[in-house]
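# Structural features, examined
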Amino acid sequence: MNMRLLFAPALLIASAAFGADLPTIPAEPIAKKNELLFSDDFERAELGKAWGPVVPTFTIEKGALKGTQTREVDVPAADGKPAVKAHQAVIGTDVPTKDSVIEFKFKLAGATGVSAEFDDRQFTGSHYGHICMARVTPKGVILTDQKEGGMRNDIYAMSQDPTKKDERNKLLVGRSATFPVTVDSDKWHDFVLETVGDTMRVTLDGKPVAFLKSPGIAHPTKSKVEFGCMGKDGYFDDLKIWNAEPAKP
């Protein structure tokens, strides 16, 4: 997409985001960019071979990547067909990293959330090799250690057993953090996700808004980067992925 985007002061950081129950957000970047590994401005008609749909549907519309969730509700098994769980639309590309910086522009429009996620399909200790994720909704930014959190095999299995709810919740303490923000769904926003060692930091429109330190984030082989859309018609544009190293103090 060309620089026809408007960046009004549409992001308001809620003071509650800095409460004592949430991690302190570093004011300065935690990562230093190195090699640019991948970029896409979506100025074409088709997605191309670099992108693989994980849970459809994604299309290119007016120079931006558009996601639309189609698996909106759980569908039970019937007539010899397996059950299908509700799931956001997901698209991915193979860009192996350890430490990285991801940048893109996004507009929620009709979506309830967009996300960037790291996976390692060769890792068998978590559901589908999920490692860590950052999600933006109209009301918050959520950072999650999936490897040692909700997607870890034993913890994921507990989600299917209501009697394990309390035990599961105890195991999830510290594996996720939700920072309140107010995001204007009708505006384009700048998103930056830094992942260094066991830490993740997000800035929106140049302002630091979220931070998480958790052991699963340090997984050394983040082989796939995926982008998700919950709900209808969320947009991504001007996406870039860099190798990175820890920023000098």
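Overview of the structure. Quantities reported herein were computed from a predicted structural model and do not represent experimental measurements.

### Examining the overall build of the protein chain
Helix and strand content of the protein chain: 2 helices and 16 strands. In the protein chain, which comprises 249 residues, the share counted as buried stands at 47%. By sequence separation, contacts in the protein chain at least 24 residues apart represent 72% of the contacts at least 6 residues apart. Counting every atom, the protein chain has about 12200 Å² of accessible surface; 55% of that belongs to carbon and sulfur.

### Topic: the pairing of strand E9 (residues 130-137)
Among the 8 residues that make up E9, 8 are buried, leaving the element largely enclosed by the rest of the structure. Here strand E8 (residues 111-119) runs beside E9; their pairing, made up of 6 bridges, is antiparallel. Note that in E9 the partner of valine 114 across the bridge is valine 136. As defined by bridge partners, E9 adjoins strand E10 (residues 140-145) across 6 bridges and the pair is classed as antiparallel. In the sheet register, valine 136 faces E10, and the bridge partner there is valine 141.

### Focus: the packing of aromatic side chains
In the structure shown here, the tally under the stated rule is 10 aromatic pairs. Consider the rings of phenylalanine 104 and phenylalanine 227, whose centres lie 5.8 Å apart with planes at 85 degrees: the pair is edge-to-face. One end of the pair, phenylalanine 104, is in strand E7 (residues 100-107); the other, phenylalanine 227, is in strand E15 (residues 224-231), and 123 residues separate them in sequence. The pair phenylalanine 104 / phenylalanine 227 is uniform in exposure class, with both members buried. Every member of this aromatic cluster is reached through a ring pair, and the members are Phe38, Phe42, Trp51, Phe58, Phe104, Phe106, Phe191, Phe227 and Phe236. The aromatic ring of tryptophan 242 is capped on one face by lysine 33, whose charged end is 3.9 Å from the ring centroid. Over the aromatic face of phenylalanine 123 sits the side chain of lysine 147, whose NZ or CZ is 4.9 Å from the ring centroid.

### Here's the deal with the pattern of salt bridges
Tallied over the full model, the rule gives 13 salt bridges. For glutamate 148, the salt bridge is made with arginine 152, and the minimal N-O distance between the two is 3.2 Å. Overall, the relative accessible area of 24% leaves glutamate 148 in the partly exposed class. A salt bridge links aspartate 154 to arginine 152, with the nearest nitrogen and oxygen atoms 2.7 Å apart. Residue aspartate 154 is classed as partly exposed on the basis of its relative accessible area, which comes to 35%. Take arginine 152: its relative accessible area is 23%, and that puts it in the partly exposed class. Where salt bridges share partners, they join Glu61, Lys66 and Asp233 into one cluster.

### A closer look at the side chain of threonine 195
Relative to the assigned elements, threonine 195 resides in strand E12 (residues 189-196). Among all residues touching threonine 195, those that are not within four sequence positions of it are Lys98, Asp99, Ser100, Phe118, Met200, Ile217 and Lys222.

### Observations concerning the nonpolar core
Counting 53 residues, the largest nonpolar core has Phe104, Phe106, Phe191, Leu193, Val202, Leu204 and Phe227 as the members making the most contacts within it. Top contributing element to this core by residue count: strand E16 (residues 234-246), with 5 residues. Apart from the residues lying within four places of it in its own chain, the contact partners of valine 202 are Ala134, Val141, Leu143, Phe191, Val192, Leu193, Lys207, Pro208, Val209 and Ala210.

### Thoughts on the environment of leucine 108
As for its placement among the helices and strands, leucine 108 is situated in the loop between E7 and E8. A relative accessible area of 0% means that leucine 108 is categorised as buried. Note: C-alpha distance between leucine 108 and lysine 232 (124 residues apart in sequence) is 8.7 Å. The contact partners of leucine 108, leaving out residues within four places of it in the chain, are Gly113, Val114, Val136, Thr137, Pro138, Val183, Ser185, Lys232, Asp233 and Gly234.

Parameters at a glance
Residues numbered from 1 in each chain as written. Predicted model: local features only at pLDDT ≥ 70, side-chain atom pairs only at ≥ 80, totals over all residues. Heavy atoms only, no water. Helix = DSSP H or I, 4+ residues; strand = E, 2+ residues; numbered from the N terminus. Buried < 20%, exposed > 50% of the residue type's maximum accessible area, 1.4 Å probe, protein only. Contact = heavy atoms within 4.5 Å. Areas by Shrake-Rupley, 256 points an atom, 1.4 Å probe, with all protein chains shown as cover. Pairing = 2+ DSSP bridges. Phe/Tyr/Trp six-rings, centres within 6.5 Å; stacked < 30°, edge-to-face > 60°. Lys NZ or Arg CZ within 6 Å of the ring centre and 35° of its normal. Salt bridge = Lys/Arg side-chain N within 4 Å of Asp/Glu carboxyl O. Core = buried A, V, L, I, M, F, W, Y, C linked by side-chain atoms within 4.5 Å.

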